[in-house]
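Observations on the three-dimensional arrangement
Residue strings, one per chain:
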Amino acid sequence: MSRGGSGGEESAYDLVVLGAGSAGYACALRASQLGLRVALVERDKIGGTCLHRGCIPTKAMLHAAEVADTARAASHVGVDLGTPRVDLGRVAAYRQGVVDRLYAGLTGLVTSRPIDVVTGEGRVVDAGTIAVGDRMLRGRHLLLATGSVVKTLPFVTLGRRVVTSDGALALKGVPERVVVLGGGVIGVEFASVFCSFGSQVTIVEALPRLVAAEDEAVSKALQRAFRQRRIGMVLGASVTAVTESADEVEVAVEGRESLRADLVLVAVGRGPAPVPGIETLGVAMAGAHVAVDGLGRTSVPGVYAAGDLVPGLQLAHRGFAQGIVVAEDIAGLTPAPVVDERVPRVTYCDPEIGSVGLTEAAARERYGEVETVEYNLAGNGKSQILGTKGFVKLVRAAGGPIVGVHLVGARMGEQIGEAQLLVDWEAFPEDVAPLLHAHPTQNEALGEAALALAGKPLHSHG
């Protein structure tokens, strides 16, 4: 297997993949499994943003935050642990240990397959060639999977006290006051972490509610929970200036008093990463993203794109699934397209949010008449044991299948697998209501909601 370094021409590959994040490495693994000759180009480390700067390290921090909260609440269940102290250096070491173990496993898996891994900055030369330095990797097919990069605001200058999510991973200590710019997934997750670590946190969001892409009932529940956690929220307000001084940062908010903080986290989303040389292809674009069909094909024959580079949900598992679809399409199979509406989504703040399918508003827009049920976790034994509040909400087209599932509560993201099956298989509540759910589990909440939507509620009013 090639590992970079030699010059000159390369013999032709069936597939050259540019980017070894979730979409890229999944495509390479599946393609090699199907007997295709594959080259995988990565300028940094296999695993991409998700493994090294996103999903894994941030969720490790969220777990550390959960442990701190559990320690604080331990006396409520008769266990006295005292006041926890968060050592961010040791949290970072724990976090990096998780990343290192997963990275070692992933690189071992990829290098054990007949995949030529080429390290270096890849550049598109034409529809059949990727250049890495003076090497020319020629392929019958190309997959562009360069992922995404953090966005910022045009008037914001990043510095020691003004950081993105990447910079937040490098912090050496817990700031006393944190202002988070952005109330989407990244913003609420980091707000949750900093609050648990002991910071005074305020979120500023230009839209009228947090996690605005979620069902409105979910947003309201999260905002209630955050207020109880004393996380400040300034909603429906635009930031006009961020000024860093030696001692603090001042955040000017339109029509309101300025906020002052020791750290400002800019969490306004992510955008597609640049693809060097893409202009030579002339591929159709959808704004800053590469336009593709359901199988990842671009407007240029033989060139595919997947993951955060294409429009839609920016989720590692979505990119992973898209990479597999691309490999199978190239191999001549007939894969099913990845449909965003059926992709499960989890936001790992406290309380967790899980969702799949349509919100109630979107379902009403599509179907007109809908039926909904919200099962309150107050009636769920395991949720009472855990001390969490929240609900399970099911949305169905009137008389039809379940088209949306929305979950709020501690650890409720673990229920998203069954929720995804309900939506993906277009299940009717009457069909799934008889299914057994182990007691006592939070999973029972899905069963109770299905019973209620089927017209035979047992532990809830219907």
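All of the points below concern the structure found in this document. This one's a predicted model, so the numbers in the text were calculated from it and none came from an experiment.

The subject of this paragraph is the sheet that holds strand β9 (residues 162-163). The sheet built from 5 strands is open, its strands ordered β9-β16-β10-β11-β12 with parallel pairing. Only two strands of the sheet have a single neighbouring strand rather than two, namely β9 and β12 (232-235). Bridge count for strand β10 (residues 177-181) against strand β11 (residues 200-205) is 5 bridges, and the pairing is parallel. Bridge pairing links V180 to I203 in β11. Along the sheet, helix α6 (residues 185-197) contacts β10, β11 and β16 (263-266); its crossing angle with β11, the most-contacted strand, is approximately 165°.

Attention now moves to the environment of V86. Assignment of secondary structure puts V86 in the loop between α3 (55-73) and α4 (88-111). For V86 and P114, which are 28 residues apart along the polypeptide, the C-alpha to C-alpha distance reads 44 Å. Leave out the neighbours within four places in its chain, and V86 touches A68, V91, V174 and F197.

So, on to the pattern of salt bridges. Working definition: two side chains of opposite charge can pair if their charged atoms are close together. If you walk through the whole model with that rule in mind, you get 24 salt bridges. For R229, the salt bridge goes to D69, with nearest N and O atoms at 3.7 Å. Taken together, the residues R229 in the loop between α7 (216-228) and β12 and D69 in helix α3 connect sequence positions 160 residues apart. By relative accessible area, which is 22% here, D69 ends up partly exposed. Salt bridges here are not isolated pairs; linked through shared partners, they connect R177, E248, E250, R260 and D262.

What counts, and where the lines are drawn
- Residues numbered from 1 in each chain as written.
- Predicted model: local features only at pLDDT ≥ 70, side-chain atom pairs only at ≥ 80, totals over all residues.
- Heavy atoms only, no water.
- Pairing = 2+ DSSP bridges.
- Helix = DSSP H or I, 4+ residues; strand = E, 2+ residues; numbered from the N terminus.
- Contact = heavy atoms within 4.5 Å.
- Axes fitted to C-alpha atoms, helices over the stretch in contact; angles between N-to-C directions.
- Salt bridge = Lys/Arg side-chain N within 4 Å of Asp/Glu carboxyl O.
- Buried < 20%, exposed > 50% of the residue type's maximum accessible area, 1.4 Å probe, protein only.

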